[in-house]
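# Inside the fold
This is what each chain is made of:
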Amino acid sequence: MKIAIIGCGNMGMAFARAFLKFDLVKKEDFLLVEKSEDRTEKLSSFQPGVITGVIAPQVGEYDLIILSVKPQDFLSVSESLREVITEKQVVLSIMAGITIEMIQKNLNHKPVIRAMPNTPAMLGMGITAYSASPEVEINQLRKIENLINATGRSVFLEDEEQLNAVTALSGSGPAYFFYVVKAMIDAGKQMGFEESVAALLVKQTMLGSYHLINTADKSLDDLIKAVASKGGTTEAALRQFEAGHLDETLKDGIIAAQVRSAELSKG
């Protein structure tokens, strides 16, 4: 499969690196379109394929077009892309909030897949949810699913509207995790630890806890109870969290992200 990636920021390059790492695409079958001169220089050192700063007619020669530009740049990009896209190509969008219908309308093109990855894709440990228009053939969908899985794991959603919730939950999720980790490290510093020591304690705790979730035959509530003995230190912390309605605050924040994603989808 020959692939053109339009917009080579973190996510665009995460996909490119994953495809190359697993030999799913040859370098000579890659076309990278990036308007930023600084980023183009960095791409040249990576040498991932043919690099250009404009959407030229050669884009029409590729089987798959991956749209990874910022959502606010889509309309300007679509004006150029609409002139060169061909009927047999498939468009894979990883733009937050831009619906399949909006892409089809602005590109005058039917076979479209909309996906929502997250930043751990840069390490091959991401999770991507995706939906497809009826015009995407099953063999095309399978090939693109294999490509997406090179960045981690994936889940297909028949209801595209669920992608707004995915954006809020897993797309933005790494930022919530980093936010909690930062707060814990700051607490460690406040208690007298050097930042490096506090960071080591917190990061290893997070890593070990993740593996417990995946391997222990217990619910999350049971895992919490296993740490929080009655009248102990953990219980004191959890009571403070509950008094501050931390769980509700987190849920409200995630729902706010879902609302914003839906707003973007409506243009």
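Residues numbered from 1 in each chain as written. Predicted model: local features only at pLDDT ≥ 70, side-chain atom pairs only at ≥ 80, totals over all residues. Heavy atoms only, no water.

A tally of helices and strands in the protein yields 11 helices and eight strands. Considering only C-alpha atoms, the protein reaches an extent of 70 × 40 × 35 Å along its principal axes. The buried share of the protein, taken over its 267 residues, is 39%. Here the analysis covers contacts within the protein between residues at least 6 apart in sequence; of these, 62% occur between residues at least 24 apart. Accessible area for the protein stands at about 16000 Å²; split by element, carbon and sulfur atoms hold 55% of it. If you average the places of the 27 positive and of the 33 negative side-chain charges in the protein, the two averages end up 3 Å apart. (Helix = DSSP H or I, 4+ residues; strand = E, 2+ residues; numbered from the N terminus. Buried < 20%, exposed > 50% of the residue type's maximum accessible area, 1.4 Å probe, protein only. Contact = heavy atoms within 4.5 Å. Areas by Shrake-Rupley, 256 points an atom, 1.4 Å probe, with all protein chains shown as cover. Lys, Arg positive; Asp, Glu negative; His and termini not counted. Charge placed at Lys NZ, Arg CZ, Asp CG, Glu CD.)

Taken together, the five bridges between strand E7 (residues 126-132) and strand E8 (residues 152-156) define a ladder with parallel strand orientation. Counted as the bridge partner of threonine 128 is serine 154 from E8. Tracing the backbone out of E7, into helix H5 (residues 138-149) and back to the parallel element E8 gives a crossover that is right-handed. (Pairing = 2+ DSSP bridges. Right-handed = clockwise from strand over helix to strand, strands pointing away.)

Moving on: a nonpolar patch on the surface. On the surface, Tyr179, Val180, Met184, Phe241, Leu246 and Leu250 cluster together to form a nonpolar patch covering roughly 570 Å² of accessible area. Counting residues per element, the ones that place at least two in the nonpolar patch are helix H7 (173-190) and helix H11 (246-265). The dominant element in the nonpolar patch, judged by the number of residues it contributes, is H7, at three residues. Of note, valine 180 is situated in helix H7. (Patch = residues over 30% accessible without salt bridge, like charges linked within 9 Å, V, L, I, M, F, W, Y side chains within 5 Å. Salt bridge = Lys/Arg side-chain N within 4 Å of Asp/Glu carboxyl O.)

Across the sheet, eight strands lie side by side as E3-E2-E1-E4-E5-E6-E7-E8; this open sheet has mixed pairing. Two strands lie at the open edges of the sheet, namely strand E3 (50-52) and E8, each paired on one side alone. Across the sheet, the mean angle separating the axes of adjacent strands is 20° when strand polarity is ignored. Pairing analysis gives three bridges linking strand E2 (residues 30-33) to E3, with the strands arranged parallel. Residue pairing for E3: leucine 32 is matched across the bridge by isoleucine 51. Along the sheet, helix H4 (residues 100-107) contacts strand E4 (64-67), strand E5 (90-93), strand E6 (112-116) and E7; its crossing angle with E6, the most-contacted strand, is approximately 135°. Contacting strand E1 (3-6), E4, E5, E6, E7 and E8, H5 runs over the sheet at an angle of about 145° to E8. (Axes fitted to C-alpha atoms, helices over the stretch in contact; angles between N-to-C directions.)

What follows covers the pattern of salt bridges. Counted according to the given criterion, the structure contains eight salt bridges. Between lysine 189 and glutamate 195 there is a salt bridge, with its nearest N and O atoms 3.9 Å apart. The exposure class of lysine 189 is partly exposed, given its relative accessible area of 37%. Judged by relative accessible area, glutamate 195 falls into the partly exposed class, the value being 47%. Across the salt bridge formed by lysine 251 and glutamate 248, the nearest N and O atoms sit 3.1 Å from each other. Placement of the pair is lysine 251 and glutamate 248 together in helix H11, with a separation of three residues, close to one helical turn. Since its relative accessible area comes to 37%, glutamate 248 is described here as partly exposed.

Among the nonpolar cores identified, the biggest contains 28 residues, and Ile3, Phe19, Phe30 and Ile66 are the most heavily contacted of them. Listed by contribution, the elements that provide at least two residues to this core are E1, helix H1 (10-21), E2, E4, E5, E6 and H5. Sorting elements by how many residues they give to this core places H1 first, with seven residues. For isoleucine 66, the residues in contact, after removing those within four places along its chain, are Ile3, Ala4, Ile5, Ile6, Phe15, Phe19, Leu92 and Ile94. By size, the runner-up hydrophobic cluster in this structure holds 22 residues, among which are Ile6, Leu67, Met95 and Val112. (Core = buried A, V, L, I, M, F, W, Y, C linked by side-chain atoms within 4.5 Å.)

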